Amino acid sequence: MANKVVTRTYRARVRNHSQVRDGLDSLGFAASKLWNVARYTVGRVWDACGQIPSAFDLQKYLKDHERYADLHSQSSQRVLAELGEAFTAWYGHRSNGNTKANPPGYRKHNGEHPRSTVTFKQKGFRHDAANDRIRLSKGSNLKDGWSDFILCEYDVIGPRDTTVENVQQVRAVYEHGVWRLHIVCRVEVGVAEPPGDRTAGVDLGICNVAAVSFGDESLLYPGGSLKENEYYFAKKRAECDDSLSREARRLDQKRTDRRTHFFHTLSKEIVERCAERGVGTVFVGDLGGIRDDENGDPKNWGKHGNLDLHGWAFDRFTTMLEYKAEMQGIAVETVSERDTSKTCSVCGTKADSQRVERGLYDCDECGTVANADVNGAENIRLKNESTSESTDAVDRSNGWLAQPAARLFDKTRGAFFPREQAVREP
């Protein structure tokens, strides 16, 4: 087993919360006020010239603003960077045809500012590992005599033997009425040797969240449970009188938590199945251009398809898969998905007409009938040149291509099981 340095984020309770709450509140309010100043500035620039200023431009323009000095300079820079990222994401959604996407709004409700997350980089905090304490810097405007910092005593949420060292960043996050610390560290962990030299291909989608091909068998992970959650919470949220109410925020948080749990469980499940089969490398389809057609224009997936697509966190799932696979010694590589859905994985014939409907692939040349997503996953696997030498020796008959083993998410137990073992809610 080899050692490797990786990044880990630990959540921690603040032991002396009652003593530092007011100080953390002042920083959280300050971050919201700076966000609003920057949001107003972006609006003025947009109205004047039709362009969105970058985070770097905002930093240069606002560095002398009084709100900028409420926080440590690095913390203020991070607030402006977050706004820039939010506008970039919004502009991307609109460019991709999502007309319902709204630009980032102001952080204010009924005359009150919410407590925004405050990020502290290397120069904005000091860590006392011996006493489990972190000193967070205030901005010059909020310093009061000798009290130019907030001293937080913390307990890590998780195993008691967790050691917090090599801290790279600290975030103060307001969660469910209390402040928490998210401590980002560089950690040396043991990485297992690769379980084998086999390969697997993963095709990500909407109806079927993932299809996995191992070359001689396949697994299918339907996304029905995830879509049920999305539609349920969207309906409940629409019933809220105020989109910024406590109930609306509670529903948003619950939906996010369930989605995150689903992704974590799915990525862990796929890694475990790969390790059992001696897979050393997993190839995942790169969906960076899924929203565009062959001409680079926004692709229309239909009313419900577009809603599902824009809510699907492809990159986030791939990141989860990467670091879970890393611990098992499995490498994850992204490859282009171009033509994988229209190409026969058995004979290589390429034609749009062969994908009869969303779930069925029927090759006119060799007669192969396959599940369309599994056929795509096998093509992704075969994009690795090193597997081409053994292609003829692998049994790729219609059986496993046409009838993958479906594994369903059991909400009761929070895990994936074969279809016959999964509990289906009435």
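Structure shown above.
Residues numbered from 1 in each chain as written. Predicted model: local features only at pLDDT ≥ 70, side-chain atom pairs only at ≥ 80, totals over all residues. Heavy atoms only, no water.

A. Structural detail: the pattern of salt bridges. Inspection of every chain in the model, using the stated rule, returns 26 salt bridges. Between R78 and E85 there is a salt bridge; the shortest N-O distance is 3.2 Å. Here the residues in one salt-bridge network are E217, E269, E272, R273, E276, R277 and R407, joined through shared partners. (Salt bridge = Lys/Arg side-chain N within 4 Å of Asp/Glu carboxyl O.)

B. Broad picture of the sheet that holds strand 10 (residues 218-222). Overall, mixed pairing links the seven strands, which are arranged 12-11-8-9-10-15-16 in an open sheet. Each end of this open sheet is capped by a strand with a single partner; those strands are strand 12 (331-336) and strand 16 (415-418). Pairs of neighbouring strands in the sheet enclose a mean axial angle of 25°, with direction left out of account. Examined bridge by bridge, strand 9 (residues 208-213) and strand 10 share five bridges and lie antiparallel to one another. In the sheet register, N208 faces strand 10, and the bridge partner there is P222. (Pairing = 2+ DSSP bridges. Helix = DSSP H or I, 4+ residues; strand = E, 2+ residues; numbered from the N terminus. Axes fitted to C-alpha atoms, helices over the stretch in contact; angles between N-to-C directions.)

C. Structural view of helix 1 (residues 17-49). Look at helix 1: 46 Å from first C-alpha to last across 33 residues, which is about the 48 Å you get at 1.5 Å a residue. Along its length, helix 1 shows its largest kink, about 30°, at G23. Phi turns positive one or two residues past the end of helix 1, at G50, with a value near 75°. (Expected span 1.5 Å × (residues − 1). Bend = angle between axes of the 7 residues up to and from the residue.)

D. Broad picture of helix 8 (residues 372-382). Counting buried residues in helix 8 gives ten out of eleven residues, a clear majority hidden from the surface. Here helix 8 starts with a cap whose side-chain oxygen sits 2.9 Å from the backbone nitrogen of D373, and that cap is N371. (Buried < 20%, exposed > 50% of the residue type's maximum accessible area, 1.4 Å probe, protein only. Polar contact = N/O pair within 3.5 Å; in protein donor to acceptor, adjacent residues only side chain to side chain.)

E. Fine view of the packing of aromatic side chains. For the coordinates displayed, the defined rule picks out eleven aromatic pairs. A ring pair is formed by W46 and W90, whose centres lie 6.2 Å apart and whose planes are at 70°; its orientation type is edge-to-face. One end of the pair, W46, is in helix 1; the other, W90, is in helix 3 (residues 73-95), and 44 residues separate them in sequence. Note on W90: relative accessible area 13%, which makes it buried. Geometry around F214 places R277 over its ring, the cationic atom sitting 4.8 Å from the centre. (Phe/Tyr/Trp six-rings, centres within 6.5 Å; stacked < 30°, edge-to-face > 60°. Lys NZ or Arg CZ within 6 Å of the ring centre and 35° of its normal.)

F. Representation of the packing of helix 2 (residues 55-62) against helix 3 within the structure. Between helix 2 and helix 3, whose axes approach to 8 Å, the crossing angle comes to 135°. Between helix 2 and helix 3, the angle falls in the class oblique. For the pair helix 2 and helix 3, the sense of crossing is right-handed. The segment helix 2 lies against helix 3, with A55, L58, Q59 and L62 engaging Q77, L80, A81 and L83. In terms of residue class, the contact of helix 2 with helix 3 is built from six nonpolar, two polar and no charged. (Parallel < 35°, antiparallel > 145°, perpendicular 65-115°, else oblique. Left-handed = near helix turned anticlockwise from the far one by under 90°. Contact = heavy atoms within 4.5 Å. Nonpolar A, V, L, I, M, F, W, Y, C, P; charged D, E, K, R; others polar.)

G. Spatial organisation of the pairing of strand 3 (residues 125-128). Judged from the four bridges that link them, strand 3 and strand 4 (residues 133-137) form a sheet pairing that is antiparallel. Counterpart to F125 in the pairing with strand 4 is L136.

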